[in-house]
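# Summary of the model geometry
Letter by letter, the chains look like this.
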Amino acid sequence: MIGLINTIFQGPEQILRQASAYLSQLATVAASGINLSDYLSWVGVLDGAWQGVVDSLLASFTLVAILFVTRAAYRAYLSLKQGVQWW
C-alpha cells in the first residue's frame, strides 16, 4: 500500500522539488546585485588624474540630477498649493 502511494505521488513531488530548486537558484541570482566593475572597469586603466576627472564628472551629474528632482518636487508642491484656494 505504501509503495502504491509513493509511486502515485512520486511524479508531483519530483516536479515540486525541481520547482523549489529553480526558485532558490533565481533568488541567489537576484540577490547578487549589480557589479559596477563590469561597467566601469575601464576607469581603473586610466591614470590617477583621469580617474579624478571621471569621479568629478559622475559626482556633478549626480548633483545635477538631485537638483532636477528637487526642483520638480518643489514645483509640484507649489502647483498643489496654488490649486487649493484655502491653503
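Structure first, text after, so check above.
Here the structure is a predicted model, which is why all the values come from computation and not from measurement.

This part takes up the overall build of the protein chain. Regarding its fold elements, the protein chain presents 3 helices and 0 strands. Counting across all 87 residues of the protein chain, residues that qualify as buried make up 2%. Here the protein chain displays about 8,000 Å² of accessible surface, and carbon together with sulfur accounts for 69% of that area.

Moving on to the pattern of salt bridges. On inspection of all chains with the given rule, the structure shows 1 salt bridge. Among the ionic pairs, Arg17 bridges to Glu13, the shortest N-O distance being 2.5 Å. You can see Arg17 and its partner Glu13 sitting in helix H1 (residues 2–31), 4 residues apart, about one turn around the helix. Classification of Glu13 by relative accessible area gives partly exposed; the value is 38%.

What counts as what
- Residues numbered from 1 in each chain as written.
- Predicted model: local features only at pLDDT ≥ 70, side-chain atom pairs only at ≥ 80, totals over all residues.
- Heavy atoms only, no water.
- Helix = DSSP H or I, 4+ residues; strand = E, 2+ residues; numbered from the N terminus.
- Buried < 20%, exposed > 50% of the residue type's maximum accessible area, 1.4 Å probe, protein only.
- Areas by Shrake-Rupley, 256 points an atom, 1.4 Å probe, with all protein chains shown as cover.
- Salt bridge = Lys/Arg side-chain N within 4 Å of Asp/Glu carboxyl O.

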